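# Fold and geometry: a report
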Amino acid sequence: SSPHLQTYNERAKKHANKAARALLGIMEEKQSNLSVSVDVTKSKDFFDIIEAVGPHVCLIKTHVDILEDFDATVIDRLQELSEKHKFLIFEDRKFADIGSTVVLQYSKGIYKIADWAHITNAHAVPGPSIITGLASVGIPKDRGLILLAEMSSKGALTTGSYTEDAVRMARARRDFVIGFIAQHRMEGVGASDTDNIAGEDFLVLAPGVGLDATGDAMGQQYRTPEQVVFESGCDVIIVGRGIYGKGENVDTLEVLKQVQRYQAAGWEAYKKRVQC
Ligand code: 6AU
């Protein structure tokens, strides 16, 4: 049956990519398809949030370049917490350049993303060479790549044939591209009769998830966990401000309450989908 009707555990056993197997395994074990997007600018708030949500998430999503007080100890501590609470790390870098440039951006500079992020993401706009470049760094380290196939913001250009072409690019590199940022399941999208899509299992990570708001003042659009996981067949819900609000002087009890609420909603929608 198609991947979105199988359990995360069944998929974990079969997946060709190590980061994807690890993520699916953690999802089943912790009963969580929730990724918290920790979009704050001070490392104290960053770690206060991660300490509170760590036991409830499968994946922590970072934008390390927004931390004002970033230094190498941030990565050490993030890795310690990843092991302590059993979550993977997803640096939301959204690479978008030619192959030779993304090789450098992924492996060098201050952040050395490939050294610590199990998963990162890229836009499809440069064409397949962006995957070739990132794979040359990421494959030897057992990393996984997510392509942006559909964005959550109002007026996004990631529609129709663009989305189909992104899926075709991923299909050609299933050893490294483990899934998509999208709002719907993507299996078989853009495939012709001659394409071999048997065994294709792309994880769909959906941002733009909220239980209380329908959007923000800058074009973000929110859907509920029920809509994205049950109705649209996405696998992971990505939630930021719905869990920590402004993310300043974090109230960890409130964060804990919200993370449990989103974890339960995401898991319930998944159970309903796989009927068990
Ligand atoms: O829940 P929010 O709106 O506070 O945060 C959503 C997070 C942000 C965005 O950079 C990211 O999800 N995001 C992405 C990703 C994950 O690639 C793509 C997209 O289309 N929309 C989106 O919001 O960190």
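Just so it is clear, the model here is predicted, and its values are computed rather than measured. (Residues numbered from 1 in each chain as written. Predicted model: local features only at pLDDT ≥ 70, side-chain atom pairs only at ≥ 80, totals over all residues. Heavy atoms only, no water.)

### Points about helix H6 (residues 129–138)
Put simply, the test is: Throughout, exposure labels follow a simple rule: accessible area from a 1.4 Å probe, protein chains only, divided by the maximum for the residue type, with under 20% read as buried, over 50% as exposed, and the rest as partly exposed. Only DSSP runs of H or I with at least four residues qualify as helices, and only runs of E with at least two residues qualify as strands; both kinds are numbered from the N terminus onward.
Here H6 lies mainly inside the structure; seven of its ten residues are buried. All of the buried residues along H6 are Ile130, Ile131, Gly133, Leu134, Ala135, Val137 and Gly138.

### Structural notes on the packing of helix H3 (residues 43–53) against helix H4 (residues 72–85)
What describes two packed helices is the angle between their axes and the distance between those same axes. The following threshold applies: Helix axes are fitted to C-alpha atoms over the stretch in contact, other axes to C-alpha atoms as well, and angles between N-to-C directions run from 0 to 180 degrees. To sort the angles, those under 35 degrees are grouped as roughly parallel, those over 145 as roughly antiparallel, those from 65 to 115 as roughly perpendicular, and the leftovers as oblique. By the convention used here, residues are in contact when the closest approach between their heavy atoms is within 4.5 Å. Residue classes follow a fixed rule: Ala, Val, Leu, Ile, Met, Phe, Trp, Tyr, Cys and Pro count as nonpolar, while Asp, Glu, Lys and Arg count as charged, and any other residue, Gly among them, counts as polar.
Relative to each other, H3 and H4 sit at 5°, their axes nearing to 11 Å. Our classification of the angle between H3 and H4 gives roughly parallel. In this structure, H3 uses Ser43, Phe46, Phe47, Ile50 and Glu51 to contact H4, whose residues at the interface are Val74, Arg77, Leu78, Leu81, Lys84 and His85. For the contact of H3 with H4, the per-class residue count stands at six nonpolar, two polar and three charged.

### Details of the pairing of strand S2 (residues 59–62)
Rule in force here: Two strands are counted as paired when DSSP detects at least two bridges linking them. Note on handedness: a clockwise path from strand one over the helix to strand two, with the strands aimed away from the viewer, defines a right-handed crossover.
Residues of S2 alternate between two faces, with Leu59 and Lys61 on one and Ile60 and Thr62 on the opposite face, all of them buried. Sheet topology note: the strand S1 (residues 34–38)/S2 ladder contains four bridges and is parallel. From the neighbouring strand, Ser37 faces S2, where its bridge partner is Lys61. Taken together, S1, H3 and S2 form a β-α-β motif whose crossover is right-handed. As judged from the four bridges shared by S2 and strand S3 (residues 88–95), these two strands associate in the parallel manner. Each bridged residue has a counterpart across the sheet, and for Thr62 the counterpart in S3 is Glu91.

### Description of the pattern of salt bridges
Going by this rule: Just to be clear on terms, a salt bridge is a Lys or Arg side-chain nitrogen sitting within 4 Å of an Asp or Glu carboxyl oxygen.
Enumeration over the complete set of coordinates arrives at 20 salt bridges. Put simply, Asp165 and Arg168 hold a salt bridge, and the shortest N to O gap is 2.4 Å. Taken together, the residues Asp165 and Arg168, both in helix H7 (residues 160–171) and three residues apart, mark about one turn of the helix. Glu226 serves as the salt-bridge partner of Lys272, at 2.8 Å between the closest nitrogen and oxygen. Residue Lys272 is located in helix H10 (residues 252–274), and its partner Glu226 is located in helix H8 (residues 225–231); the two are separated by 46 residues in the primary sequence. Members of the salt-bridge network, linked through shared partners, are Arg11, Asp201, Asp235 and Arg273.

### As for the packing of aromatic side chains
Operational definition: Here a pair means two rings of Phe, Tyr or Trp (six-membered ring of Trp) with centres within 6.5 Å. Their orientation is stacked below 30 degrees between planes, edge-to-face above 60, and tilted elsewhere.
Counted by the stated rule, this structure contains seven aromatic pairs. For the pair Phe95 and Tyr106, a centre-to-centre distance of 5.6 Å together with 65° between the ring planes defines the contact as edge-to-face. Of the two residues, Phe95 sits in strand S3 while Tyr106 sits in helix H5 (residues 99–107), which places them eleven residues apart along the sequence. Across the pair, exposure class does not vary: Phe95 and Tyr106 are buried alike. Each member of the aromatic cluster is reached from another via a ring pair, and the members are Tyr8, Trp267 and Tyr270.

### Some thoughts on the side chain of Ser152
Filter applied, for reference: By the criterion applied in these results, polar contacts are pairs of N or O atoms within 3.5 Å in which, for protein atoms, one can donate a hydrogen and the other can accept it, and in which residues neighboring in sequence qualify only through two side-chain atoms.
Tracing the sequence through the fold places Ser152 in the loop between strand S5 (144–148) and H7. Owing to a relative accessible area of 13%, Ser152 belongs among the buried residues under this scheme. A distance of 2.6 Å separates the side chain of Ser152 from the side chain of Gln220, its partner in a polar contact. Dropping the residues within four chain positions of it, Ser152 is found in contact with Gln183, Pro207, Gly208, Gly219, Gln220 and Gln221.

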